[in-house]
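Chain residues, written in single-letter form:
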Amino acid sequence: MSLYLNKNNDKFISYRNDDIYVDKSLLVGVTNKNIGIERKKFMCITRPRRFGKTMALSMLNAYYSKGCDSKPIFDKLQIANDESYLDHLNKHNVIWIDMASLYTGLNDKSIFVQKLKEFIYLDLKNNFKNINLECDLTDGTFLANSIIKINSEINERFIFLIDEWDVIYREQEDNKRLCDEYTELLRNLFKSSDVSACIDLVYMTGILPIRRYSTQSTLNMFTEYNMINPRGLESYIGFTEDEVKGLCIKYQRDFNEIKKWYNGYKLKDVLLYNPKSVVEAVLSGEYGDYWTQTSAIEAVTDYMNYDHGVLKDTIAKMLTGLEVDVDPLAFDNDLTKIDSCDAALTVLIHLGYLAYNDGKCYIPNYEIKQEFERALKKLNWQEIYNPISNSKKLYEETLKGNIDFINQTLDQNHLELAGPFNKNKEDILGIIVQISYYNAKKYYNVKKEDISTLGRADISFIPYDNTHIPMFVELKVNSTPEDAIKQIKERKYFNSLGEYHGKVLLLGISYNDKTLKHNSQIEVIEL
């Protein structure tokens, strides 16, 4: 039995028979169009953990591999209606390698490349017994030469499916010898025009894109599909909104709750959800942290704190729901060179902790926000963590109309947050107020400058259900809270509630930039 070559379809059958299976088989139609086309056949697909990479590879292996008969499976999937369906079905020699499995199975990581060469060679030798294949593990080109020889003698061609292609660069980032040795192997297998002529497709997945300025740059034959530029693969990265709606209908789950917890990724015009978390929530009926529990908190803190606090103001802004500018090109895809805010933010995008759209990044959903809260505590960023941890009490006291508590809390929070922010501007006051009421995000869709008929409320708290009172907040600098309340009423910001009937809480907040004090007023009206 082969370790990598022409494996059976058992793994895909297991996925197919799972409690929840979302049909992504149209991906095969995309890869079929790239078969044998030099400028298209080298595909590097990178996305976060648990976003369906391994399932996709198991599907591609089941479809292409000569080692199985998968027609009864795929006949029932969407790809069966594609015009290319039968052209490549179980007609290729497929070498499917899980780099992470090989890596974790070795006690001595230094022999990773040697063992990889050895295992691939043994598969080729055992499957093509009539061809004399020479083995020289010291020769970096012997595997490529073996593939060329097989092709020249019996005209057999190959597809490579590689999972966790970047595991060496992530786990051994400071081991230059091993990283360069691994890069050289990939270059020898795929770069040469002689061996490339024997390969129909390379589809490799991982978390990090190829480094642009290192020995990895020799892998420039690959087209990259990632969380910055998916190049048409948007629908195959995570679950689409329609797919999630279908699951919620089937399992009678609250789509709005699922959306609040796990939505937020947007690639081009496609809204995407985290598959791991959606599946767990739909099956259990309980909403919580599922994806974030699959890795250590250091996956966030190491990059949040790359320069000991430079990102504090940026993280605080994103926690309020704001998007911030980011230049992904500032990151060379090298974890050993995180030397700017843009580079740190881009790593977090590739890891899935931030979402990206059109030059801006943001925290995508409630699950990820909770992970950032834990990271704040871990890093001891008290000036941000303290206001957030006290926000539940502030919200409760606001509902009670406790003006003194509101003023005292805002005064303290403003002092806490004075470091990360320029403190005397109204837009920064808005960010501080949103952080101060952070806990309310559990119950409200919090909107900054919500549009109504006659203008915009500075901050609107629109409840997700009828158990919480809508709140509208108007902010003033060097004015009075009475003026703020008056403006809310005159401009009827609450008209954005549409046909809502019931109580509405109006909160006016004024900040005096000379005394550094806040003054508030609450009024509850009936619509």
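About the cut-offs
- Residues numbered from 1 in each chain as written.
- Predicted model: local features only at pLDDT ≥ 70, side-chain atom pairs only at ≥ 80, totals over all residues.
- Heavy atoms only, no water.
- Helix = DSSP H or I, 4+ residues; strand = E, 2+ residues; numbered from the N terminus.
- Buried < 20%, exposed > 50% of the residue type's maximum accessible area, 1.4 Å probe, protein only.
- Salt bridge = Lys/Arg side-chain N within 4 Å of Asp/Glu carboxyl O.
- Phe/Tyr/Trp six-rings, centres within 6.5 Å; stacked < 30°, edge-to-face > 60°.

(A) Up close: unusual backbone geometry. Located in the positive-phi region is Arg231, a residue other than glycine, with phi close to 50°. Counting through the fold element by element, Arg231 comes out in the loop between β5 (223-225) and β6 (239-240). Judged by its relative accessible area of 48%, Arg231 is partly exposed. Phi at Asn478 takes a positive value of approximately 60°, unusual for a residue other than glycine. Tracing the chain through its elements places Asn478 in the loop between β14 (471-477) and α22 (481-490).

(B) Highlighting the pattern of salt bridges. By the definition in use, this model includes 26 salt bridges. Its salt-bridge partner being Arg157, residue Asp200 comes within 2.7 Å of it at the nearest N-O pair. Placement of Asp200 in strand β4 (residues 199-206) and of Arg157 in the loop between α7 (142-154) and β3 (158-163) is noted, with a sequence separation of 43 residues between them. Its relative accessible area of 8% is what places Asp200 among the buried residues. With its nearest N and O atoms 3.9 Å apart, the salt bridge here joins Asp411 to Lys517.

(C) Expanded view of the packing of aromatic side chains. Counted according to the given criterion, the structure contains 26 aromatic pairs. Geometrically, the ring pair formed by Phe12 and Tyr21 is edge-to-face, given 6.1 Å between the ring centres and 75° between the ring planes. The same class applies to Phe12 and to Tyr21, which are both buried. With 5.2 Å between their ring centres and 80° between their planes, Phe160 and Phe190 make a pair best called edge-to-face. Residue Phe160 is found in strand β3, and its partner Phe190 is found in helix α9 (residues 176-190); the two are separated by 30 residues along the sequence. Comparing Phe160 with Phe190 shows no difference in burial state: the two are buried. Through successive ring pairs, a cluster of aromatic residues spans Phe12, Tyr21, Tyr63, Tyr64, Phe74 and Tyr85.

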